[in-house]
Amino acid sequence: MIIIESVLGNISDARWKGIAASAKLDELRLNQWDAQKNRFRKKTEGGAELAVSLDRNSFLHDGDILSWDEAAKVLVVAKILLSEVLVIDLSQLSKGDPDQIVRTCVELGHALGNQHWPAVVKDHRVFVPLTVDKKVMSSVMRTHAFKNITYDFAPGSFAIPYLLPHEARRLFGGSEQQSHAHHPEGGDVGGRDSEAQAHDHDHDNDHSHTHGHDHGHHH
C-alpha cells in the first residue's frame, strides 16, 4: 500500500519529463468523477494499491506524479480519462439582428434544457459533455438548425484550460452517472421516465442542469 498525501509534481514539468524518459510509467487511471475525490483507494495499471489522502479541496490533475521509486525506476502517474465534449460556437451570432440573436439563444437554451444536458458557457463557446451517443447529440443540433451557430466534438482535454475547477466538475463530474441514470435502457432521450429522473436530479444539483431551462422559460 502506497499512501499519497501530496503530488510530487507533474509529468509536464521539465524535471519529471527527463525522469519519465528512462522510467517505467505506471498509470493510475481515473475518470473525472473519481479525480474530484481527495480520499480514495485504487490500484494502478501495474497493480500497485494506492491510498490517496489529499488536503481538503485538493484534487488530482492529468499527469500528476504520485510516486517515484528511484531504485525500481517506476513512476506512478495520474491519468484522467475525460469524456468528449460537444463544443457549440456562438462567435457568428453577432451577424444576426438583435431579435434573431435573442431568439436563437432562447431556442438553444430550451434545446439543451429539454435534453437535460449540463453545459458551461465560456466566452463564445458552450461546452456540453457527451452524456448520450454523439449521433443523438448531432441529431438534436441538426434538427434545430440554429442560425449562425456551428458545433463540433472535441476531446474533454480541449475544454479543461477554459474551465474553473467547479465548472470542470459540472461538465465531467457526473456525466457518466447521469447518462446511466437518465437512460438506463439507452432509449429516447426525451422519454418521460428519463425526464422525470432528470428533474429529480436537477433539484439536488447546482444550476448547471437548469441553465437551459432558465433561458427558455424566462425569455
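Residues numbered from 1 in each chain as written. Predicted model: local features only at pLDDT ≥ 70, side-chain atom pairs only at ≥ 80, totals over all residues. Heavy atoms only, no water.

(A) Broad picture of the sheet that holds strand β3 (residues 24–31). Across the sheet, 4 strands lie side by side as β2-β6-β7-β3; this open sheet has mixed pairing. Looking at strand neighbours, the two that pair on one side only are β2 (9–10) and β3, the edges of this open sheet. (Pairing = 2+ DSSP bridges. Helix = DSSP H or I, 4+ residues; strand = E, 2+ residues; numbered from the N terminus.)

(B) Molecular detail of the packing of aromatic side chains. Scanning all chains against the criterion turns up 4 aromatic pairs. Ring centres of Y151 and F153 lie 6.4 Å apart, and the angle between their planes is 85°; on these two criteria the pair is classed as edge-to-face. For Y151, a relative accessible area of 29% translates into the label partly exposed. Here a set of aromatic residues connected by ring pairs shows up, and it is made of F127, F158 and Y162. Above the plane of the ring of W16 lies R15, whose end atom (NZ or CZ) is 4.3 Å from the centre. Over the ring of F153 we find K134; its NZ or CZ atom is 5.6 Å from the centre of that ring. (Phe/Tyr/Trp six-rings, centres within 6.5 Å; stacked < 30°, edge-to-face > 60°. Buried < 20%, exposed > 50% of the residue type's maximum accessible area, 1.4 Å probe, protein only. Lys NZ or Arg CZ within 6 Å of the ring centre and 35° of its normal.)

(C) Looking closely at helix α4 (residues 134–144). Looking only at α4, the buried set comprises M137, S138, V140 and M141. Projected onto a plane normal to the axis of α4, the buried residues spread over an arc of 160° and lie on a single side. Pointing more than 90 degrees away from the buried face of α4 are the exposed residues K135, R142 and T143. Among the structural elements, β8 (85–89), α3 (98–115), β10 (125–129) and β11 (150–154) are those in contact with the buried residues of α4. Here α4 starts with a cap whose side-chain oxygen sits 2.7 Å from the backbone nitrogen of K135, and that cap is D133. One or two residues past the end of α4 sits A145, with phi positive at roughly 45°. (Arc of directions from axis to C-beta. Contact = heavy atoms within 4.5 Å. Polar contact = N/O pair within 3.5 Å; in protein donor to acceptor, adjacent residues only side chain to side chain.)

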